[in-house]
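Overview (structure and organization)
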Amino acid sequence: PVGQLDRNTTGLMLFTNVGRLTAHLNSHASKSYRVSYLGCSGPGIATKGELTEEEIERLLEGVLLQREQVHARFDSVELRGCEERPPFKTPSGEVIRKFVYRADVSIKCGVYHVVKRLFDS
């Protein structure tokens, strides 16, 4: 198969028995993704919101992925806004507001779960 999708991503998968084509597409293509990540705000919790300029800079600088010994970074990060989800109440009655933020990212590195791992770093 050409490409790397896990259960949390969507996209196109190509199947071929041409090894050179598979190697070329997996190693030379720039990949673009729309990433969704959760945010929240409420009493007693640290507010998690839209990516800050500092966080975007860290994503563009990248990190060393220990398992593969590869430096991975995004080529671009474009913020795409926010959607508020229905809030929920804690057992103590406090209201927690939930948000889904989106960003478009592009990357040339194709290692295992690279997008998730960069956002977790």
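Before any of the text, the structure's been laid out above.
First, a word on what this report is: a plain description of the structure on this page. (Residues numbered from 1 in each chain as written. Predicted model: local features only at pLDDT ≥ 70, side-chain atom pairs only at ≥ 80, totals over all residues. Heavy atoms only, no water.)

Notes on the nonpolar core
Counting residues in each nonpolar core, the largest one holds 19 residues, and the members touching the most others are Phe74, Val77, Val114 and Leu118. For this core, the secondary structure elements donating two or more residues are strand S1 (31-41), helix H2 (53-61), strand S5 (95-107) and helix H3 (114-120). Here this core takes five residues from S5, the largest share from any one element. Residues in contact with Val77, not counting those within four places in the same chain, are Leu51, Ile56, Leu59, Leu60, Ala103, Asp104 and Val105. (Core = buried A, V, L, I, M, F, W, Y, C linked by side-chain atoms within 4.5 Å. Buried < 20%, exposed > 50% of the residue type's maximum accessible area, 1.4 Å probe, protein only. Helix = DSSP H or I, 4+ residues; strand = E, 2+ residues; numbered from the N terminus. Contact = heavy atoms within 4.5 Å.)

Some details on the pairing of strand S4 (residues 76-89)
Here S4 pairs with S5 via ten bridges, running antiparallel. Paired with Val77 across the bridge in S5 is Val105. Connecting S4 to the antiparallel partner S5 that follows it, the hairpin turn spans five residues, and Gly93 within it adopts a positive phi of roughly 95°. (Pairing = 2+ DSSP bridges.)

Some details on the environment of Arg58
The topology assignment puts Arg58 in helix H2. Put simply, Arg58 and Arg73 are 15 residues apart on the chain and 8.6 Å apart in space, counted from C-alpha to C-alpha.

Description of the pattern of salt bridges
In a structure, side chains of opposite charge can pair up when their charged atoms sit close to one another. On inspection of all chains with the given rule, the structure shows ten salt bridges. Here Glu68 makes a salt bridge to Arg117, at a shortest N to O gap of 3.0 Å. Highlighted residues: Glu68 in the loop between strand S2 (63-65) and strand S3 (70-72) and Arg117 in helix H3, separated in sequence by 49 residues. Since its relative accessible area comes to 25%, Glu68 is described here as partly exposed. (Salt bridge = Lys/Arg side-chain N within 4 Å of Asp/Glu carboxyl O.)

Examining the pairing of S5
When S1 meets S5, the two strands line up antiparallel, connected through eleven bridges. The partner of Tyr33 across the bridge, within S5, is Val105.

Side note on the side chain of Asp104
One can find Asp104 in strand S5. Reaching out from Asp104, the side chain makes a polar contact with the side chain of Arg80 at a distance of 2.8 Å. (Polar contact = N/O pair within 3.5 Å; in protein donor to acceptor, adjacent residues only side chain to side chain.)

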